[in-house]
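# A structural walkthrough
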Amino acid sequence: MRVGKKTTAPATAHSHDSAHHEHHTHDAAHDEQTKQAIERGGGNGKILFFDAPSGLAGDMIIAALVDLGVPEHVIVNATSALPFSGFHVHFDQCERSGIVATTFHVHVDGVQPERTYDAIRAMLEEAKLSPGIKAKAQATFQRLAESEATVHHVAPDDVHFHEVGAVDSIVDVVGSAAALDYLGCACLVVSPLPMGHGWVKTRHGVLPLPAPATVECLRGFPTYDGNIAFELVTPTGAAIVGAHATGATRWPALSPERTGWGAGTATLADRPNVLRAVLGEPTDRDSAFCASHVVVEANVDDTTGELLGHCMSALLAAGALDAWAVPLTMKKGRPAFQLGALAPIALRDTIASIMLRESTTLGVRHHEVARVERPRRIEHVATPFGILPVKVAEGDFGPPTCKAEFDACLAAARHHNVPVRVVIEAVLRARLLSI
């Protein structure tokens, strides 16, 4: 998999200066005191908007959020907690079309090994990061790995992260997760994203722009022709947006409070290579962009259980977080089912289309909802039936909860010819003993 910062097309692996060996250096030209820092949780109840007429990349997202007011040490502390060395980061400032913007650089010292998604996921679990940062970083890499898996027809765990050992990508993902977790915004909204054209050189060979993984990461988000031979949106930037943005619009209904600018490394001929981050109070509390998810429903009175089951499976495969069928009675006493699905707002039209295509309903309805989530992470524990995953939910909501991943337990139960409940009990017992 190719990851990295925005480069000209055709592109090659991003090169780095290795003059320093500490994780963080700070140029005198960039002073944190030039902009008052936001307090932790300063985005609570507010909208964070990424205005990206020149596209975006992981480094631009971090730079824009630091310029917005996230303290640099939030990024430095999080990336320094990663369980590997051989890189350092620093911030600077530059000017693009009269706009003074922050830049973020990752310098890789020497050769780094290639890493699979499975290895990176384990690395993030090992890192001494807060549950919120860890959950956001895992969600971003999951989006990235699943997109690459779709492109290359392999299992997500087998996806290889090429180019500079994926250090750029790991640091950008963890740094952006730390910044988003620090702000604690009610929702992240992104503008429609411009797609460049041309070709890019990767370990897989020459690929067309936009990169295949970028397109997969942005499934459900609006894009348009950027009319330039340049990689305007990188896979890492697309994964961050795809994993965490709840909607897209040219401009959301908000009252701006702060603005931050993050610059890319390249200079574009026809536009400033900058990303604008805007933080503000929503001016329309009923706006869809203040919601995070959508519920799509339909009443179905002429179907079978098999057809309902197939439809629910199709909805889940398309990205719905949950799907259900509830028995009810319709007009004239007809027995029926309410078919429903919960999904990110960006997938609203996709979920509605599947419901219309795969069920016998003639119409669907939908409404936006806000969703409060417990930070979640996956741990792997050793049991007599192999190393198996368990989902741990934490956060400020009381004691943690643990749940064995059923599909993995079912596969292990079939392999060892034991009841699945025996495997589930072994997973929970192993996790309890590991605390």
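Residues numbered from 1 in each chain as written. Predicted model: local features only at pLDDT ≥ 70, side-chain atom pairs only at ≥ 80, totals over all residues. Heavy atoms only, no water.

## Observations regarding the pattern of salt bridges
Which entries qualify depends on this criterion: For salt bridges, the criterion is a side-chain nitrogen of Lys or Arg within 4 Å of an Asp or Glu carboxyl oxygen. Helix and strand assignments come from DSSP, with helices taken as H or I runs of at least 4 residues and strands as E runs of at least 2, each series counted from the N terminus. Only protein chains enter the area calculation, which uses a 1.4 Å probe; residues under 20% of their type maximum are buried, those over 50% are exposed, and those in between are partly exposed.
For the structure shown, the criterion picks out eleven salt bridges. Across the pair Arg365 and Glu297 runs a salt bridge, and its minimum N-O distance is 3.3 Å. On the criterion of sequence distance, the pair formed by Arg365 in strand S18 (residues 365–369) and Glu297 in strand S15 (residues 293–300) is long-range, its members being 68 residues apart. Take Arg365: its relative accessible area is 37%, and that puts it in the partly exposed class. Residue Glu297 is classed as buried on the basis of its relative accessible area of 14%. A salt bridge links Arg348 to Asp349; the shortest N-O distance between them is 3.2 Å. The class for Arg348 is partly exposed, based on a relative accessible area of 28%. If you follow the salt bridges from partner to partner, you end up with Arg348, Asp349 and Glu368 in one network.

## Considerations on the pairing of strand S4 (residues 99–108)
Basically, it comes down to this: Here, any two strands with at least 2 DSSP bridges between them count as paired.
Taking burial as the measure, the ten residues of S4 include seven buried ones, the bulk of the element. Sheet analysis places strand S3 (residues 87–96) next to S4, joined by ten bridges and oriented antiparallel. Its bridge partner being in S4, Phe87 is matched across the sheet by Val108. Where S3 folds back onto S4 in an antiparallel hairpin, the turn is made up of two residues, including Ser97, whose phi is positive at roughly 55 degrees.

## A short note on the sheet that holds S18
Our working definition: Structural elements are reduced to axes, namely lines fitted to C-alpha atoms, with helices fitted over the stretch in contact, and the angle between N-to-C directions of any two is expressed from 0 to 180 degrees. Throughout, a contact is declared for two residues whenever any of their heavy atoms are within 4.5 Å.
The four strands lie next to each other as S16-S17-S15-S18, forming an open sheet whose pairing is antiparallel. The open sheet is flanked by strand S16 (322–329) and S18, the only strands paired with a single partner. Each adjacent strand pair in this sheet contributes to an overall mean axis angle of 20 degrees, direction not counted. Bridge count between S15 and strand S17 (residues 335–344): eight bridges; the pairing is antiparallel. When the bridges of S17 are listed, Val294 appears paired with Ala343. This element, helix H8 (residues 305–317), spans S16 and S17 of the sheet and lies at about 150 degrees to S16. Contacting S15, S17 and S18, helix H9 (residues 348–358) runs over the sheet at an angle of about 15 degrees to S15.

## A look at empty space enclosed by the protein
Convention followed: Think of a 1 Å grid over just the protein atoms. A cavity is a set of points where a 1.4 Å probe fits yet cannot get out, a pocket is an open set with protein on both sides within 12 Å along at least five of seven lines, and lining residues have an atom within 4 Å of a point. Grid points are joined across faces, edges and corners, and a volume is the space filled by probe spheres set on the points. Under the scheme applied here, ten amino acids are nonpolar (Ala, Val, Leu, Ile, Met, Phe, Trp, Tyr, Cys and Pro), four are charged (Asp, Glu, Lys and Arg), and all others, including Gly, are polar.
If you walk through the whole model with that rule in mind, you get two cavities of 30 Å³ or more. Of the pockets and cavities examined, the second largest cavity occupies roughly 30 Å³. Taken together, Met195, Gly196, Leu209, Pro210, Thr214, Phe230, Glu231, Leu232 and Val233 make up the lining of the second largest cavity. Of the residues in the lining of the second largest cavity, the class split is six nonpolar, two polar and one charged.

## Here we look at the packing of aromatic side chains
Spelled out, the test is: The pairing test for Phe, Tyr and Trp rings, Trp by its six-membered ring, is centres within 6.5 Å, and the orientation test on the planes gives stacked under 30 degrees, edge-to-face over 60, and tilted for anything in between.
Under the counting rule described, the total for this entry stands at three aromatic pairs. Here Phe49 and Trp251 contribute two aromatic rings whose centre-to-centre distance is 5.0 Å and whose plane-to-plane angle is 70 degrees, an arrangement assigned as edge-to-face. Taken as a pair, Phe49 in strand S2 (residues 47–51) and Trp251 in the loop between strand S12 (245–248) and strand S13 (254–263) lie far apart in primary sequence, 202 residues in all. Given the relative accessible area of 38%, Trp251 is considered partly exposed. Measuring from ring centre to ring centre gives 5.4 Å for Phe84 and Phe87, while their planes differ by 50 degrees; the resulting arrangement is tilted.

## Side note on the sheet that holds strand S20 (residues 386–393)
Reading across the sheet, the three strands line up as S19-S20-S21 and stay open at both edges, with antiparallel pairing between neighbours. Bordering the open sheet on either side are strand S19 (376–383) and strand S21 (401–404), each of which pairs with just one other strand. Within this sheet the neighbouring strands show an average axis-to-axis angle of 35 degrees, counted without direction.

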